[in-house]
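Chain residues, written in single-letter form:
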Amino acid sequence: MDSGRAFYAGLLEALTSVMGSAKGYLRDHGPRVAMLSSHLGRELGLSKAQCSELFFGGILSDMGMVGLAEDAWENPTPALSADVRERVQRHPQRSEERVRGVPHLQDLAPLLRHHHEWWDGSGYSDGLTGEGIALGARVLRLADTVAALGQKRPHRGALGPEAITEVVQAGLGKEFAPDVGECFLTLQRAGSLPLFDKESYRHTVMRAAESLLPEEVSPLSTSQLLTIIANLIDAKDPYTAGHSRRVAVLSVAVAEQFDLDAHTRSALWAGGYLHDLGKLAVPLRVLAKSGRLTEEEFAFIRAHPSDGAEILEGIPTLQHLTTGVRYHHEKWDGSGYPEGLSGDSIPLVAQIMAVCDAYDAMTSTRAYRNSRDPEFARGEVAKESGTQFGPLAAEAFLRVPEKIFENLQAQRLDLNR
Ligand SMILES: [Fe+2]
Ligand SMILES: [Fe+2]
Ligand SMILES: [Fe+2]
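Residues numbered from 1 in each chain as written. Chains lettered and ligands numbered in written order. Predicted model: local features only at pLDDT ≥ 70, side-chain atom pairs only at ≥ 80, totals over all residues.

**Points about the overall build of the chain**
Put simply, the rule is: Helix numbers and strand numbers start at the N terminus; a helix is a DSSP run of H or I with at least 4 residues, a strand a run of E with at least 2. The reference for a compact globule is 2.2 Å times residues^0.38; the radius of gyration itself is calculated from the C-alpha atoms. Three classes are used. A residue is buried when 20 or more other C-beta atoms lie within 10 Å of its own, exposed when 12 or fewer do, and partly exposed in between, with C-beta atoms placed from the backbone.
For the chain, the helix and strand inventory stands at 20 helices and zero strands. Taken over the C-alpha trace, the chain has a radius of gyration of 22 Å; the compact-globule value for 417 residues is 22 Å, and the two agree within 12%. For the chain, the C-alpha atoms occupy an extent of roughly 65 × 45 × 40 Å along the three principal directions. Looking at the chain as a whole, 44% of its 417 residues qualify as buried.

Here's what the structure looks like:
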């Protein structure tokens, strides 16, 4: 099991790189908010630890949006229906609840809850006003809006510095706290706001991790964070509760049949949890659709293995997870995606994940059919060995002890209760 602060920080980075809507709208939104917030925090005299909290707060503030109201990201606020608006207003509380489960970052809970409070009291979750809003939450409010305006959306282009300055000036004393707003405007005028770049973002992730996380993050904490990320991924699709974790458990059980080294086992363990990471970038409307997908919609689905893999590849401590994630939808006969690899050119870890993934999909209820029982699904694995599945992986899968399947099935019943 991978542990340590760098691996843990890498997971936090992975989580946030894909949050945001498809087609790159708001891609890196969390990281941009985080960089701007911690910069403003420093200028406003916050301590190093407070700036680190602001940094992670910026990354995680919209965690509650996943699976809730992503359609809101693609439309201007006035165009949203009352129902969507109502859901959007719940996201800070969902983010707050979720961060309470993230080891070492529980203290961020109030910050997340209040990141949409307005200085004049017209924001949410609690309609706080003025100094009643903690300075950190005031900073997040401004950084969130500024970062969003600087990026292109389906309904408008990206705003330049002058247009952003105007919005901030007009919002002083309304959406924005005067102290935070003035600080931003001063830096903006002086041209001393740093531009967003991936390299300095990564350094800041590590610095913030050093100030908030213990040097040795325990395996338990790491596994809790993996569970949280997996739950977020699975929450995208109403039919996949617990899916990512089951793929991880099964993949490790298959690996045991092979006597693989610790490094490969860990790639299957963490990689299993993260194999569908790229789904965070697939629009909800595509995942939840029960009818036939259009070509454009299917392109989103086909992109999820490479999207996930690209993110992991960019994070040094997670690079070893890339292979399984990238190729978990390849098929032995070459009819899979994204690259249509066949036979032994599909790495073994990916072959293992592919069997486990398909087995779990078969035994889950989907939008278009009920679940199959485990016997039937294992029969399919045997039948498709050498066509869909690598023969060695399929054979090893069929040797996994009955007990493991029974346990997974029992936990599934618990989840559905
Ligand atoms: Fe938000
Ligand atoms: Fe997948
Ligand atoms: Fe999957």
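Now that the structure is up, let's keep going.
**With respect to the domain arrangement of the chain**
Let me state the cut-off plainly: Boundaries of every domain are those given by an automatic assignment or by a domain database. Think of it this way: build a C-beta for each residue from its backbone, and any pair within 7 Å is a contact. Residue type decides the class: Asp, Glu, Lys and Arg count as charged, Ala, Val, Leu, Ile, Met, Phe, Trp, Tyr, Cys and Pro as nonpolar, and the leftover types, Gly among them, as polar.
Domain boundaries in the chain define domain 1 (5–212) and domain 2 (236–416). Relative to domain 2, the C-alpha centre of domain 1 lies at a distance of 33 Å. In this assembly, 14 residues from domain 1 lie in contact with 17 residues from domain 2. Residue classes in the side of domain 1 that touches domain 2 are distributed as seven nonpolar, four polar and three charged.

**Looking at unusual backbone geometry**
That bond from Tyr-124 to Ser-125 is cis: its omega, 15 degrees, falls within 30 degrees of zero. Secondary-structure assignment places Ser-125 in the loop between helix H6 (109–113) and helix H7 (135–149). Cis geometry is found at the peptide bond from Tyr-337 to Pro-338, where omega equals 5 degrees. Examined against the element boundaries, Pro-338 turns out to sit in the loop between helix H16 (322–326) and helix H17 (348–362). The phi angle at His-104 is positive, at roughly 75 degrees, despite the residue not being glycine. When you line up the elements, His-104 lands in the loop between helix H5 (91–99) and H6. A count of 19 C-beta atoms within 10 Å places His-104 in the partly exposed class. Positive phi, normally seen in glycine, also occurs at Asp-259, with a value near 60 degrees. Mapped onto the fold, Asp-259 is located in the loop between helix H12 (243–258) and helix H13 (262–274). The class of Asp-259 is exposed, set by 7 C-beta atoms lying within 10 Å.

**Focus on the nonpolar core**
What counts here: Joining buried Ala, Val, Leu, Ile, Met, Phe, Trp, Tyr and Cys residues through C-beta atoms within 7 Å gives a set, and that set is a nonpolar core.
Of all hydrophobic cores here, the largest spans 101 residues; its most connected members are Ile-229, Val-254, Ile-352 and Val-355. It is H17 that contributes the most residues to this core, ten residues altogether. Mapping this core onto the domain boundaries places at least three of its residues in each of domain 1 (5–212) and domain 2 (236–416). In this view, Val-254 contacts Ile-352, Cys-356, Ala-393, Ala-396, Phe-397 and Val-400; residues no more than four positions away in its chain are not counted.

**A closer look at the environment of Gly-121**
Structurally, Gly-121 is set in the loop between H6 and H7. Taking the C-beta count within 10 Å as the criterion, Gly-121 has 14 such neighbours and is therefore assigned partly exposed.

**A look at the environment of Leu-321**
Residue placement: Leu-321 occurs in the loop between helix H15 (295–313) and H16. The spacing of Leu-321 and Leu-68 is 253 residues in sequence and 28 Å in space, taken between C-alpha atoms. Setting aside its immediate chain neighbours within four residues, Leu-321 contacts Ala-267, Ala-270, Gly-271, Leu-274 and Leu-312.

**Brief notes about helix H3 (residues 48–60)**
Note the following rule: Multiplying 1.5 Å by the residue count of a helix minus one yields the expected span of that helix.
Over its 13 residues, H3 extends 18 Å from the first C-alpha to the last, a length consistent with the 18 Å expected when each residue adds 1.5 Å. Burial of H3 is extensive: eleven of the 13 residues sit out of reach of the surface. Taken residue by residue, H3 has Gln-50, Cys-51, Ser-52, Glu-53, Leu-54, Phe-55, Phe-56, Gly-57, Gly-58, Ile-59 and Leu-60 as its buried positions.

**What about the packing of helix H1 (residues 5–17) against helix H10 (residues 198–212)?**
Put simply, the rule is: Orientation is described by axes fitted as lines to C-alpha atoms, over the contacting stretch for helices, and by angles from 0 to 180 degrees between their N-to-C directions. With respect to orientation, any angle under 35 degrees is reported as roughly parallel, any angle over 145 as roughly antiparallel, any angle of 65 to 115 as roughly perpendicular, and every other angle as oblique. Should the near helix be turned anticlockwise from the far one by less than a right angle, the crossing is left-handed, and should it be turned clockwise, the crossing is right-handed.
The geometry of H1 relative to H10 is characterised by a closest axis approach of 10 Å and an angle of 125 degrees between their N-to-C directions. The pairing of H1 with H10 is recorded here as oblique in orientation. Classified by chirality, the crossing of H10 by H1 is right-handed. Facing H1, whose interface residues are Arg-5, Tyr-8, Ala-9, Leu-12 and Glu-13, H10 presents Val-205, Met-206 and Ala-209.

**Focus on the packing of H17 against helix H18 (residues 374–383)**
Taken N-terminus to C-terminus, the directions of H17 and H18 make an angle of 145 degrees; their axes are 9 Å apart at the nearest point. In terms of crossing hand, the pair formed by H17 and H18 is right-handed. Of H18, the residues touching H17 (which contributes Val-355, Tyr-359 and Met-362) are Ala-377, Glu-380 and Val-381. The class makeup of the residues in the contact of H17 with H18 is five nonpolar, no polar and one charged.

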